[in-house]
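Geometric and topological summary
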Amino acid sequence: MNFDVLTLFPEMFDSLKSSIIGRAQEKNLININLINIRDFSKDKHKKVDDTPYGGGAGMIMKPDVVYDAYDSIQDKNAKVIYMSPQGQKLTQKKVCELANEKHLIILCGHYEGIDQRVIDEIVDEEISIGDYVLTGGELPAMVLIDAVSRYADGVITKESTVEESFTNGLLEYPQYTRPEVFRGVRVPEILLSGHHENIEKWRKEKSLEVTKNKRPDMLK
Ligand code: 4GY
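Let us look at the structure shown here. The structure displayed is predicted, hence computed values, not measured ones.

Reading the values: the criteria
Residues numbered from 1 in each chain as written. Predicted model: local features only at pLDDT ≥ 70, side-chain atom pairs only at ≥ 80, totals over all residues. Heavy atoms only, no water. Helix = DSSP H or I, 4+ residues; strand = E, 2+ residues; numbered from the N terminus. Buried < 20%, exposed > 50% of the residue type's maximum accessible area, 1.4 Å probe, protein only. Pairing = 2+ DSSP bridges. Right-handed = clockwise from strand over helix to strand, strands pointing away. Near = heavy atom within 4 Å. Polar contact = N/O pair within 3.5 Å; in protein donor to acceptor, adjacent residues only side chain to side chain. Areas by Shrake-Rupley, 256 points an atom, 1.4 Å probe, with all protein chains shown as cover. Nonpolar A, V, L, I, M, F, W, Y, C, P; charged D, E, K, R; others polar. Core = buried A, V, L, I, M, F, W, Y, C linked by side-chain atoms within 4.5 Å. Contact = heavy atoms within 4.5 Å.

**A short note on unusual backbone geometry**
Cis geometry marks the peptide bond from R178 to P179, where omega comes out at 10°. Turning to its location among the elements, P179 is positioned in the loop between α6 (158–163) and β8 (181–182). The phi angle at S19 is positive, at roughly 60°, despite the residue not being glycine. Residue position: S19 is located in helix α1 (residues 19–26). If you check the backbone angles, R183 has positive phi at about 50° while not being a glycine. Taking relative accessible area as the criterion, R183 reaches 76% and is therefore assigned exposed.

**Some thoughts on the pairing of strand β2 (residues 31–36)**
Taken residue by residue, a regular strand's side chains alternate between the two faces of the sheet. Here 6 bridges tie strand β1 (residues 2–7) to β2, and the two strands are oriented parallel to one another. Bridged to V5 within β2 is L34. Each parallel crossover has a hand, and the one from β1 via α1 to β2 is right-handed.

**A few points about the site of the ligand**
Not every one of the 18 residues close to the ligand is listed here, only the nearest: S84, I129, G130, Y132 and L134. At 3.2 Å, a backbone N or O of S84 approaches a nitrogen atom of the ligand. At 3.2 Å, a backbone N or O of G130 approaches a nitrogen atom of the ligand. Calculation on the ligand without its partners gives an accessible area of 390 Å², and the protein chains cover 94% of this total. For the shell around the ligand, the element with the most residues is strand β5 (residues 79–89), which contributes 4 residues. For the shell around the ligand, the per-class residue count stands at 10 nonpolar, 8 polar and no charged.

**As for the nonpolar core**
It is characteristic of soluble globular proteins that their nonpolar side chains tend to be buried jointly. Ranked by size, the top nonpolar core spans 25 residues in total, and within it F3, I30, I32 and L144 carry the most contacts. Mapped by element, the contributors of at least two residues to this core are β1, α1, β5, α3 (92–98), β6 (103–107) and α5 (138–149). The element best represented in this core is α5, accounting for 6 residues. Not counting the four nearest positions on each side in its chain, I32 is found in contact with F3, V5, L16, I21, Q25 and I145. Core analysis: the next-biggest nonpolar cluster, separate from the first, contains 21 residues, I35, V48, V66 and A78 among them.

In structure tokens:
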């Protein structure tokens, strides 16, 4: 799985060096290539934005600079995704679909956004991580990379992607580890029984109960 990220703030992606995604990169299970859009400014002041035609607040990212950054990527078959609150909502189903792509290019806007002409020219899909407005597309891009990378071979166990919440339409059952008694509360006795069938039955019941209580909308 290959990700190219077009951004004005590549340093924001440093957190992907940590934990599971960091390890996945070290093992070459995924590849994340950060492209600084500012490197493609032709201007001596490295200008990447300008005031909006028609007036209004803030700055708009220039289409020529964004296009040249995109054009520096050779693969014209890669899917180009623009992170925006106007996009289709990201779901586990969408994550799973994107995981089947070999190469994703993720475009991150900042300020008041990007000139519409370059969006229309290069973007295949607009994706939103939720109905709220952020200062840029970088955090959403990291959310997408994290969620999609979990499906790349070897990043996590197959069981973890198959048994998790949303995949089976239910929330996860509660989990416990040592000690057996914590602040006077015992671990559910059945989990200590070693009776795998009963444990599986209990977990299914708990999944259903948790979903009923926390996300009744998921059962409708
Ligand atoms: N929500 N889901 C989101 C966002 C910030 C100005 C366009 C979101 O995906 N992206 O809030 N993005 C804006 C900032 C340019 C993107």
